[in-house]
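Commentary on secondary and tertiary structure
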Amino acid sequence: MPTLSRRVDDAFAYAHEAHAAQTRKGSGVPYIAHLMGVASIVIDDGGTEEEAIAALLHDAAEDCGGRARLEDIRGRFGDAVAKIVEDCTDAWTEPKPDWMERKRQYVAHARTLPPSSLRVSAADKVHNAYAILRDARNTGERVWERFSASPDDIVAYYQALVRAYREAGGGHLVDELDRIVRAIEREMGY
């Protein structure tokens, strides 16, 4: 991808506005930092412009308006971006359904992801898992206080995603996620 068009700027502005009041769990870091991180991972992995845009928008439907938000994204950024965002969404309503059931369903869905959705979804999980690893190294057990699920359930979820992503086609990002999850396991004394 030699250059990125103005559409990426527009997607960044859209994501920034949609998530303006949100921060990362337990850190106070503006949520847009996560979206920028995921987009960077997608671009570094050779992703297309549509994938980079979807990376910036991947949580917008889930966290900021459900299906109505998805249709707005479709109208502004096209069907390809909307499909990736849809594939990255594990809840459409607030409050979100039970964590465990939602994650089980997403793992089953992840087995069928097309390549573009797989790249963005895996990049999202790489960024999230690395944040857990970094914080586990820096704060120890306190890292788990920000989650509603147990540490064992969170690690099991990431392990299941690695397997599901491999069934969907795998790739460098899936291998990286696997390495990060194994590092989290080591930090936890597994």
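Computed from a predicted structure; not experimentally measured.

Moving on, we come to the nonpolar core. Within the largest apolar cluster, 59 residues are counted, with the highest numbers of intra-cluster contacts made by L57, Y158 and Y165. Excluding residues within four positions of it along the chain, Y165 makes contact with Y106, A110, L113, L118, S121, A122, K125, G170, V174 and L177.

Take the side chain of K125 next. Its location among the elements puts K125 in helix 8 (residues 115-139). Beyond its immediate stretch of four places on either side in the chain, K125 contacts Y106, Y157, Y158, L161, Y165 and L177.

One pass over the full model with this rule turns up 25 salt bridges. Here R146 makes a salt bridge to D135, at a shortest N to O gap of 2.8 Å. Remark: D135 occurs in helix 8 and R146 occurs in the loop between helix 8 and helix 9 (151-168); sequence separation between them is 11 residues. Residue classification places R146 among the partly exposed residues on the basis of a relative accessible area of 23%. On the accessibility criterion, D135 (12% relative accessible area) is buried. A salt bridge links R166 to D175; its shortest N-O distance comes to 3.2 Å. Residues joined by salt bridges that share partners form a network here, namely R166, D175, D178 and R182.

Viewed as axis vectors pointing N to C, helix 5 (residues 66-77) and helix 6 (residues 79-88) meet at an angle of 150°, and their least axial separation amounts to 7 Å. Accordingly, the angle class assigned to the pair helix 5 and helix 6 is roughly antiparallel. In this structure, helix 5 uses R67, L70, I73, R74 and F77 to contact helix 6, whose residues at the interface are D79, V81, A82, V85 and E86. When its residues are assigned to classes, the contact of helix 5 with helix 6 shows 6 nonpolar, no polar and 4 charged.

Let's shift gears to the environment of H16. Within the element layout of this structure, H16 appears in helix 1 (residues 6-18). In this structure H16 comes out as partly exposed when scored by relative accessible area, which is 40%. Here the alpha-carbon distance between H16 and E185, two residues 169 residues apart in the chain, equals 33 Å.

Looking at the element boundaries, A11 is found in helix 1. Remark: the alpha-carbon pair of A11 and K83, spanning 72 residues in sequence, is separated by 15 Å. Ignoring sequence-local partners within four residues, the contact set of A11 consists of I53, L56, L57 and F77.

Moving on, we come to the packing of helix 8 against helix 9. In contact at an axis separation of 11 Å, helix 8 and helix 9 are set at 155° when each is read in the N-to-C sense. As the angle between them shows, helix 8 and helix 9 are arranged roughly antiparallel. Crossing angle aside, the handedness with which helix 8 passes helix 9 is left-handed. Residues L118, S121, A122, K125, N128, A129 and I132 of helix 8 form the contact with helix 9, whose participating residues are I154, Y157, Y158, L161, Y165 and A168. A breakdown of the residues in the contact of helix 8 with helix 9 according to their chemical character gives 10 nonpolar, 2 polar and 1 charged.

Positionally, R24 belongs in the loop between helix 1 and helix 2 (32-44). The buried charged residue R24 lacks any salt bridge, with D124 as its nearest oppositely charged partner at 5.9 Å. There is a polar contact of 3.2 Å between the side chain of R24 and the side chain of H34. Setting aside its immediate chain neighbours within four residues, R24 contacts V29, P30, Y31, H34, H127, N128 and A131.

The rules behind the values
Sequence order as written defines the numbering, with residues in each chain counted from 1. Per-residue local features are limited, in this predicted model, to residues with pLDDT of at least 70; the limit for side-chain atom pairs, both in listing and counting, is 80 or more; totals at the level of whole chains, interfaces and linings are taken over all residues. Note that the side-chain values use all heavy atoms of the structure and ignore hydrogens as well as water. As used in this record, nonpolar core signifies buried Ala, Val, Leu, Ile, Met, Phe, Trp, Tyr and Cys residues forming a set joined through side-chain atoms within 4.5 Å. Only protein chains enter the accessibility calculation, which uses a 1.4 Å probe. A residue is then buried if its area is under 20% of the maximum for its type, exposed if over 50%, and partly exposed in between. Should any heavy atoms of two residues lie within 4.5 Å, those residues are counted as being in contact. Numbered from the N terminus, helices here are DSSP runs of H or I no shorter than four residues, and strands are runs of E no shorter than two. Note on definitions: salt bridges are taken to be side-chain nitrogens of Lys or Arg within 4 Å of carboxyl oxygens of Asp or Glu. Whenever a helix is involved, its axis is fitted only over the stretch in contact; in every case the axis is a line through C-alpha atoms, and angles between N-to-C directions fall within 0 to 180 degrees. For this classification, under 35 degrees means roughly parallel, over 145 means roughly antiparallel, 65 to 115 means roughly perpendicular, and everything else is oblique. Note on residue categories: nonpolar means Ala, Val, Leu, Ile, Met, Phe, Trp, Tyr, Cys or Pro, charged means Asp, Glu, Lys or Arg, and polar means any other residue, Gly included. Crossing handedness is defined as follows: a turn of the near helix away from the far one that is anticlockwise and smaller than a right angle gives a left-handed crossing, while the clockwise case is right-handed. For the purpose of charge, His is not counted, nor are the chain termini; Lys and Arg are scored as positive and Asp and Glu as negative. We call two N or O atoms a polar contact when they sit within 3.5 Å, provided that within protein one can donate a hydrogen and the other can accept it, with sequence-adjacent residues counted only if both atoms are side-chain atoms.

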